[in-house]
Amino acid sequence: MKLTFGLVIAAMTLPTAANAAALQDAIRADMPQLMTLYRDLHANPELSMQEVRTPAKLAAEMRKLGFDVTEKVGKTGVVAVMKNGPGPVLLLRADMDGLPVKEQTGLPFASKVRGTTLDGVESDVMHACGHDTHITAWLGTARRLAALKDKWSGTLVMVLQPGEELGLGAKAMLDDGLYTRFPKPDVLLAFHDSASLPAGVIGVTRGYALANVDSVDIDVKGVGGHGAYPQTTKDPIVLASRIVVALQTLVSRENSPFDPAVVTVGSFQGGTKHNIIPDDVKLQLTVRSYTPEVRKKLLDGIARVARGEAIAAGLPEDRMPDVKVREPYTPSTYNTEKLSARLLELFGHNFGASRVVDAKAVMGGEDFSQFWLADKTKEATIFWVGGVPKAKWDAAGGDESKLPSLHSPFWAPDAEAVISTATEALTVSTLDVLKKS
Ligand SMILES: [Zn+2]
Ligand SMILES: [Zn+2]
């Protein structure tokens, strides 16, 4: 990610230096307890939509702080509400699932947990996306806001969301009445730890921040037979290879260079042996875009290319490729102009310009998008909090290709920096959004 520095701080109501220092002191005092929670969460990750221990533990903590807590929203989600006088409704979301990854960080509190995914695959489990930092900062923020009740006015809806990695959890909570059973939010906020920023640096992207994510399966059918007699077959290996090559032109020749798009064939599976032409080849694609128009163009193009190449190869109508776009897809995440610009100013003022960047969008996905798409009249932003330990960042010269990415078995963020920075950022954002008039 390329970063641009430099912010213009407008004259506006911003926290005073004394208030900022008092908040930092309070967070510093909370950190030992928060780090104990973090290490416990890290050692005990849970797979998507199977979160049980994590929500139970956090629900209990939120009750102690005086929140009105409802569990099992959208299967395993938690909604914690604090009504504190007139004013807007702010939703703060943290996601809580781990990933089927075998941890190799070597940390003393590394996970040894095993689990079974919803697809029935047995695997090791790891908080390889850093959602354990999200949960901990979410609780840290709740603790500060409960203590600072006389400094804000409005309603806080704190959401602990399951199943982000499968793109299922946000939708499940909305379908379970998140906006009807609980106060409907005017402003939506979340953060994600970042493997592309040094520890403690905040990135805010304006506009599209994360992409539409589609998974596409193509079953390329052929007519199998003996490898020595190709004339009696329709070779699906050659056909699938042609499809893969032809797909490259969807982005390079059919799409505007000003509209970000990715088509990656991540899996190509076919055949068993040197001298057998198989009956079919299975391709798996990830398809990324921002706008609905580009998404449709890519998905239509994939179906057209697959069919067109099969016709060119002489396949009969009943052996055309089977193209399936998996449901549900993860829609792109849009950071609304007003809120994202405001946060850039607020964070710049609070943390200093050297700790805040106007970050570029990425082609990763996040189902935080669902909360805003359910009502696009609202304001929403998800921001990044850098997690790369400073020494590692410096050793790599800031080149993220030399560093473990999110989802890597080696991803070990500077959790203390992520949690303290995110707690402070979420707290000052809340005090700004729910300002006492
Ligand atoms: Zn992830
Ligand atoms: Zn994540």
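Check the entry above for the structure.
Residues numbered from 1 in each chain as written. Chains lettered and ligands numbered in written order. Predicted model: local features only at pLDDT ≥ 70, side-chain atom pairs only at ≥ 80, totals over all residues. Heavy atoms only, no water.

Visitor: Can you walk me through the side chain of Ser340 in this structure?
Guide: For Ser340, the position within the fold is in helix 7 (residues 337-351). The buried category is assigned to Ser340, whose relative accessible area is 0%. A polar side-chain atom of Ser340 sits 3.3 Å from the main-chain carbonyl oxygen of Glu337. Sequence-distant contacts of Ser340, defined by excluding residues within four places in its chain, comprise Val204, Thr205, Arg206, Gly207, Asn335 and Thr381. (Helix = DSSP H or I, 4+ residues; strand = E, 2+ residues; numbered from the N terminus. Buried < 20%, exposed > 50% of the residue type's maximum accessible area, 1.4 Å probe, protein only. Polar contact = N/O pair within 3.5 Å; in protein donor to acceptor, adjacent residues only side chain to side chain. Contact = heavy atoms within 4.5 Å.)

Visitor: Help me out: how do you make sense of the sheet that holds strand 13 (residues 261-270) in this one?
Guide: Paired through their backbone hydrogen bonds, the strands of a sheet run either parallel or antiparallel. Spatially, the 4 strands line up as an open sheet ordered 13-15-11-16, and their pairing is antiparallel. The open sheet has two free edges, formed respectively by strand 13 and strand 16 (322-325), since each of these has just one partner strand. If you compare each strand with its neighbour and ignore which way they point, the axes differ by 20 degrees on average. Note: strand 11 (residues 212-221) against strand 16, 4 bridges, orientation antiparallel. Residue pairing across strands places Asp217 opposite Lys324, the latter belonging to strand 16. In the packing of helix 5 (residues 236-254) onto the sheet, the strands contacted are strand 11, strand 13 and strand 15 (280-289), and the crossing angle to strand 13 comes to about 170 degrees. (Pairing = 2+ DSSP bridges. Axes fitted to C-alpha atoms, helices over the stretch in contact; angles between N-to-C directions.)

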